[in-house]
Amino acid sequence: MLALFHAFSMKCNQIQRAIKLGDDELVESLDRELEPLIAAILAYKATSLLEIYMQLQFMNNLIREESDDRSRVMRNSASLSVLIDRYFGGASDVAGEVLRAFSSEKIDRDDAFGFEEGSVLNDVILDSLPDRVAVVTRDYRYLYSNAANSEFLKSKPMELVGRHISEFVGSEYFESNLKAKLDACFTGEKVDCLYPSNRQIEPGKVFHCTMTPLRAKSVVIGALLVMHEIIAVPAGMLVA
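Residues numbered from 1 in each chain as written. Predicted model: local features only at pLDDT ≥ 70, side-chain atom pairs only at ≥ 80, totals over all residues. Heavy atoms only, no water.

Participant: Quick question: what am I supposed to make of the overall build of the protein chain here?
Facilitator: Per the secondary structure count, the protein chain includes 10 helices and 5 strands. For the protein chain, the accessible surface area stands at approximately 12200 Å², while carbon and sulfur atoms represent 54% of it. (Helix = DSSP H or I, 4+ residues; strand = E, 2+ residues; numbered from the N terminus. Areas by Shrake-Rupley, 256 points an atom, 1.4 Å probe, with all protein chains shown as cover.)

Participant: How should I be thinking about the environment of Met211 in this particular structure?
Facilitator: In this fold, Met211 is placed in strand 4 (residues 206-216). Remark: the alpha-carbon pair of Met211 and Val191, spanning 20 residues in sequence, is separated by 5.0 Å.

Participant: Would you explain the packing of aromatic side chains in this entry?
Facilitator: For any two aromatic rings, the description comes down to two numbers: the centre-to-centre distance and the angle of the planes. In this structure the tally under the stated criterion is 6 aromatic pairs. Measuring from centroid to centroid gives 5.6 Å for Tyr142 and Phe168, while their planes differ by 75 degrees, and the two rings are edge-to-face. With a gap of 26 residues between them, Tyr142 in strand 2 (residues 142-145) and Phe168 in helix 9 (residues 166-169) connect regions that are remote in the sequence. Summarising the burial analysis for this pair, Tyr142 and Phe168 share the class buried. (Phe/Tyr/Trp six-rings, centres within 6.5 Å; stacked < 30°, edge-to-face > 60°. Buried < 20%, exposed > 50% of the residue type's maximum accessible area, 1.4 Å probe, protein only.)

Participant: Quick question: what am I supposed to make of the nonpolar core here?
Facilitator: Within soluble globular proteins, side chains that are nonpolar generally end up buried alongside one another. Grouped together as the largest cluster of nonpolar side chains are 36 residues, with contacts concentrated most on Phe5, Phe8, Phe58, Met59 and Leu62. Contributions of two or more residues to this core are made by helix 1 (2-21), helix 2 (24-43), helix 3 (49-65), helix 4 (70-88), strand 1 (132-137), strand 2, strand 4 and strand 5 (219-230). Ranked by residues supplied to this core, first place goes to helix 3 with 8 residues. Once you skip the residues sitting within four places of it in the chain, Leu62 turns out to touch Phe8, Ile38, Asn76 and Met158. (Core = buried A, V, L, I, M, F, W, Y, C linked by side-chain atoms within 4.5 Å. Contact = heavy atoms within 4.5 Å.)

Participant: Explanation requested: the sheet that holds strand 4 in the structure shown.
Facilitator: Paired through backbone hydrogen bonds, the strands of a sheet run either parallel or antiparallel to each other. Spatially, 2-1-5-4-3 is the arrangement adopted by the 5 strands of the open sheet, whose pairing is antiparallel. Pairing within the sheet leaves two strands with one partner each, and these edge strands are strand 2 and strand 3 (191-196). Neighbour-to-neighbour, the strand axes of the sheet open up by a mean angle of 25 degrees, direction not taken into account. As paired strands, strand 3 and strand 4 are joined by 6 bridges and run antiparallel to one another. Bridged to Val191 within strand 4 is Met211. Sheet strands touched by helix 10 (residues 171-186): strand 1, strand 3, strand 4 and strand 5. Its angle to strand 5, the strand with the most contacts, is close to 125 degrees. (Pairing = 2+ DSSP bridges. Axes fitted to C-alpha atoms, helices over the stretch in contact; angles between N-to-C directions.)

The following block contains the structure:
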């Protein structure tokens, strides 16, 4: 499934470049190529709770991105209903867990947005935060990005799904530092660290990141990242 999300993200990036070039014909051609990818994502039968959530989150993002096109909203809403019927018609334990997570508004603000069973992602809450918030899967790819993080990465939330985090922090930094911290989080450890901005246009900026294990039925399925810029650097915290 991640390969499908990655292909969709790449196609969206190509469309954005074509728009900047003012090539309307290319935009229309690329836009037509999105439809088969969306159909393939919808046709994919998830085999885990995480994949179910990814499909639902994808459709939720698609509905929001195309909210000014009534016909597309209706079509995408119908597709979302198909997914819900597919996974929740039988009311299995796993499906019920995902449905509660997808529709509830509960979130633990007092534990750095720590997710235990019954806690959930909520777009409305997370998009209103000034902090950058993201969810990374165990293979180091974006599952979710709130508005602040998406703006910082100069991408739409749905364009980030399935993309490897090393694309944005740099392969060398990922392998030498960030990967080990994420791996520790995936074992159940809550991790706090500081890291320098790798953007040339923002020299000297330092960010604090809290990584909290994201659990489903007591199994760690990813990491919740909460990031914000800081002014002072506490001694001993800055990563190498």
